[in-house]
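What follows is each chain in one-letter form.
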Amino acid sequence: MGDLKEQVQPQKAFGWAARDSSGVLSPFHFSRRATGEKDVTFKVMYCGICHSDLHMLKNEWGTSIYPLVPGHEIVGVVTEVGSKVEKFKVGDKVGVGCMVRSCRSCDNCANDLENYCPKMVLTYEAKDYDGTITYGGYSDNMVADEHFVVRIPDNLPLDGGAPLLCAGITVYSPLKYFELDKPGMHVGVVGLGGLGHVAVKFAKAMGVKVTVISTSPNKKKEAIEHLGADSFLVSRNQDEMQAVTSTLDGIIDTVSASHPLLPLIGLLKTNGKLILVGAPDKPPELPIFPLLMGRKIVAGSMIGGMKETQEMIDFAAKHNISADIEVIPIDYVNTAMERLSKADVRYRFVIDVGNTLKSNS
């Protein structure tokens, strides 16, 4: 338990922030709230770079608030806990993902779906209940209510585990909810990037047959030999696509760029499910007849609740699943963003915050 005498002074924090929609990051001093009675404060060791960080930095979704400290794949070691914290103690390995608060009283919250709470607060650049703006994990410390903190098992590497807090739960949740996790099922994964490569790992660990669907023929060897996919389709090759018509129980579509859905719908069996987890900026064309002709579903899914996020992390630790990462120092972050915009990463950048973020004051 923490010291019964709670801090009242805000905590000094240091990170890297963007000041405007140019998206360029530079050192930034700010403060976080004092450790409240239900709060966990931790030293950030690693933070993954999610594709949404790039969108937010450049205000591509029109919601960004500057100065903006990104990062919602945050892992570290607890340095302080509030007096009423029950699940964590100083020294524990922990993580925070995409959200830091919800109302805790609506139907969604009551059903462990805090991610769909209308009053959910994002980990960065969102207005918290006290009116302050949240700052993310490209920083030296983090404070969060213990309900939104995940325990990281000892056998899960912190650096490779960090991206699971966004990318991992984003693909794990729909595999479970849409019952595409049954051994012997056949699931397609569209796109082999930060989300897609983790989706292949989780699906294979669940005992599912996996086909990777990509526009890039040169990813075939990687998908099958390294990630363990059972087969590979080039989505632009009509002969390949035609040969597997009506063979998939479900598809997890991780692509954020605009792309046609009709060819994917054709791969589904009767009652098949196409689950979209990427967020293209333009609405897709969705022909209805192919859905009617096989009672097929097109659905969306966004991260997961806290109970399921912990379940996902424990599953990953049990099955030795972590993201394939390129660890970078904080002062490389702007270059990393440029590379990410060109999909030049296998498959997730992770910032070594603990060793490379140094305050110059």
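Residues numbered from 1 in each chain as written. Predicted model: local features only at pLDDT ≥ 70, side-chain atom pairs only at ≥ 80, totals over all residues. Heavy atoms only, no water.

The chain goes by Enoyl reductase (ER) domain-containing protein in an unreviewed UniProt entry, where it is assigned to Xanthoceras sorbifolium. What UniProt states about the chain under its Cofactor (unreviewed entry) heading is, verbatim, "Zn(2+)". (UniProt positions renumbered as here; feature names shortened; annotations may be inferred.)

Colleague: With reference to specific residues and values, describe the environment of Phe 88.
Modeller: Examined against the element boundaries, Phe 88 turns out to sit in the loop between β4 (74-81) and β5 (93-96). According to the relative accessible area criterion, Phe 88 is buried, its value standing at 6%. Separated by 29 residues in the primary sequence, Phe 88 and Cys 117 have C-alpha atoms spaced 25 Å apart. With near-sequence residues (within four places) excluded, Phe 88 lies in contact with Val 40, Val 81, Val 94, Glu 146, Val 149, Val 150 and Arg 151. (Helix = DSSP H or I, 4+ residues; strand = E, 2+ residues; numbered from the N terminus. Buried < 20%, exposed > 50% of the residue type's maximum accessible area, 1.4 Å probe, protein only. Contact = heavy atoms within 4.5 Å.)

Colleague: Could you give an account of a nonpolar patch on the surface, with specific residues and numbers?
Modeller: Taken together, the side chains of Leu 286, Ile 288, Phe 289, Leu 292 and Met 293 make up a nonpolar region of the molecular surface, amounting to roughly 580 Å² of accessible area. Its place among the elements puts Ile 288 in the loop between β14 (268-276) and α9 (289-292). The class for Ile 288 is partly exposed, based on a relative accessible area of 48%. (Patch = residues over 30% accessible without salt bridge, like charges linked within 9 Å, V, L, I, M, F, W, Y side chains within 5 Å. Areas by Shrake-Rupley, 256 points an atom, 1.4 Å probe, with all protein chains shown as cover. Salt bridge = Lys/Arg side-chain N within 4 Å of Asp/Glu carboxyl O.)

Colleague: I'd love a proper account of the pattern of salt bridges, names of residues and values included.
Modeller: Taken as a whole and judged by the stated rule, the model has 17 salt bridges. With a closest N to O distance of 2.9 Å, Lys 38 and Glu 146 form a salt bridge. Placement of the pair is Lys 38 in the loop between β2 (25-32) and β3 (39-48) and Glu 146 in the loop between β8 (141-145) and β9 (150-151), with a sequence separation of 108 residues. The exposure class assigned to Glu 146 is buried, which follows from its relative accessible area of 4%. A salt bridge links Lys 93 to Asp 154; its shortest N-O distance comes to 3.9 Å. One end of the pair, Lys 93, is in strand β5; the other, Asp 154, is in the loop between β9 and α3 (158-161), with 61 residues separating them in the sequence.

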